Amino acid sequence: MTEAVQRDADALRDAGVTGVAVRLETPRGVTTVRSGVGDLDSRRPVPKAGYVRFGSTTKTFVATVALQLVGEKRLSLDQTVEQLLPGVVSGAGNDGRTVTVRDLLQHTSGLPDYVYDVFPEPSAQTYFANRWRSYRPEQLVALAMRHEPAFPAGTSWAYSNTNYVLAAMIIEKVTGRTWEQQVHERILSPLGLRQTDTPGTDPFLPHPHASNYQQFAVDGPLVDTTIPYRPFDSGADGSMTGTARDLNRFFAALAGGKLLEPAELAVMRATVPVPQDSGHPAGTEAGLGLFFTPLSCGSGYIGHGGSGFGYVIRSATTTDGRRTVTVSAHSRSADPQSAARQEDALNDLIDHALCGTTAE
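What comes next concerns the included structure. Owing to the predicted nature of the structure, the values given are computational and were not obtained by experimental measurement. (Residues numbered from 1 in each chain as written. Predicted model: local features only at pLDDT ≥ 70, side-chain atom pairs only at ≥ 80, totals over all residues. Heavy atoms only, no water.)

1. Examining the sheet that holds strand β6 (residues 213–215)
Strands sit in the order β7-β6-β15 across an open sheet of three strands; the sheet is mixed. Edge strands, defined here as strands with exactly one partner in the open sheet, are β7 (222–224) and β15 (331–332). Pairing geometry for β6 and β15, over two bridges, is parallel. Following the sheet pairing, Gln214 is matched in β15 by Arg332. (Pairing = 2+ DSSP bridges. Helix = DSSP H or I, 4+ residues; strand = E, 2+ residues; numbered from the N terminus.)

Written out as structure tokens, the structure is:
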């Protein structure tokens, strides 16, 4: 199996990714492979068990907390944002009276995404000029509210980081404690995920870790972006850090029913279609903080990906939680064709790993 996983990791490297790490866990054991380099200057290898940024994979942790609160009858998926956060979602046609908690967690709210306000010009100059700046959640929502919604809530699907900024604000409103505190108490501590953290605006990854590289312009240089972009890397929509081991343990526990009661897990896994141009593999559907993607061998997997400047991470598990894989890729291309090749190689790696087509 190791040789086949290594071939797939090498294919991702050959598609232009500077460094790749894979951790696959099955009933037969653990397979870890690396490809490329962890740093372009020193040419050192990718660390065996390095720390990574979770990016938007953070959203699955936040959704899990929200659904635990639903199970405790402290929150309802049918409550509106206006009921929970009066006056926060309004302006430019946005109406918190029509947006429910379910809409936030499933990205069916239609609310604008604030990220275009905090990174208006896609360039290395913008990255360096603003990477140390931070915003309060209320400020990010206010930026988003200057724009019209993409569609009336509940009528379509579009990914928006604003949804999870609001979800975290609701968690704090309901519990009196921050989303970070709730994630630690409800998920990290019970599962023993000691290498996972919610660092907020702290920009430094623990060692060891690979360096991340972003190409901001086609034919432009790879820029070291290991320091994250604080304006959208420090909140409930994408700030967590940790290791592939911890991510695999989390997703296996979630799929295995160790974090949610059957009713809430079923709600989390109830899906709506995702548009074909959304950047997800064909047939992908969106649950609440989860995506379901078909496998070439039948059935499918649940999981969530994350990305930021210079990195992509993807965690996925079979629906029974028996096979789980996390892949980290430590550079991103500005060329659409190169980016598409890298995405295809990443999707193939996950499909092969979870189908077990790598002969055991």
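Read on, since the account is not over.
2. Points about unusual backbone geometry
Residue Pro208 is reached from His207 by a cis peptide bond, and omega for that bond is 0°. Along the chain, Pro208 turns up in the loop between α9 (179–191) and β6. With phi around 60°, His107 is a residue other than glycine that occupies positive phi space. Among the structural elements, His107 can be located in the loop between α4 (101–106) and α5 (115–118). Residue class for His107 comes out buried when judged on its relative accessible area of 4%. Positive phi, normally seen in glycine, also occurs at Ser299, with a value near 60°. By the element assignment, Ser299 lies in the loop between β11 (291–294) and β12 (300–308). (Buried < 20%, exposed > 50% of the residue type's maximum accessible area, 1.4 Å probe, protein only.)

3. Details of helix α8 (residues 162–175)
The terminal C-alpha atoms of α8, which comprises 14 residues, lie 20 Å apart, in line with the 20 Å expected from a rise of 1.5 Å per residue. Of all 14 residues in α8, eleven are buried; the element is thus mostly enclosed. Where α8 is buried, its residues meet α2 (58–71), α3 (81–84), α4, α7 (137–144) and α9. Just downstream of α8, Gly176 is the residue with a positive phi angle, here 80°. (Expected span 1.5 Å × (residues − 1). Contact = heavy atoms within 4.5 Å.)

4. Here we look at the pattern of salt bridges
Per the stated rule, a full pass over the model turns up eleven salt bridges. Across the pair Arg13 and Asp10 runs a salt bridge whose closest N-O atoms are separated by 3.5 Å. A residue pair is termed a helical-turn pair when its members lie 3 or 4 positions apart in one helix, as Arg13 and Asp10 do in helix α1 (residues 2–14) at three residues. The exposure class of Arg13 is partly exposed, given its relative accessible area of 33%. The residue Asp14 makes a salt bridge to Arg13 at a minimum N-O spacing of 2.9 Å. With relative accessibility at 58%, the residue Asp14 sits in the exposed group. (Salt bridge = Lys/Arg side-chain N within 4 Å of Asp/Glu carboxyl O.)

5. Structural notes on the environment of Val46
Tracing the sequence through the fold places Val46 in the loop between β2 (29–36) and β3 (51–53). When its relative accessible area of 3% is taken as the criterion, Val46 is described as buried. The spatial distance from the C-alpha of Val46 to the C-alpha of Leu290 is 28 Å, given a sequence separation of 244 residues.

6. Side note on the pairing of β2
Pairing of strand β1 (residues 19–26) with β2 involves eight bridges; the strand directions are antiparallel. Residue pairing for β2: Gly19 is matched across the bridge by Gly36. Counting the residues between successive antiparallel strands, the hairpin from β1 to β2 contains two residues.

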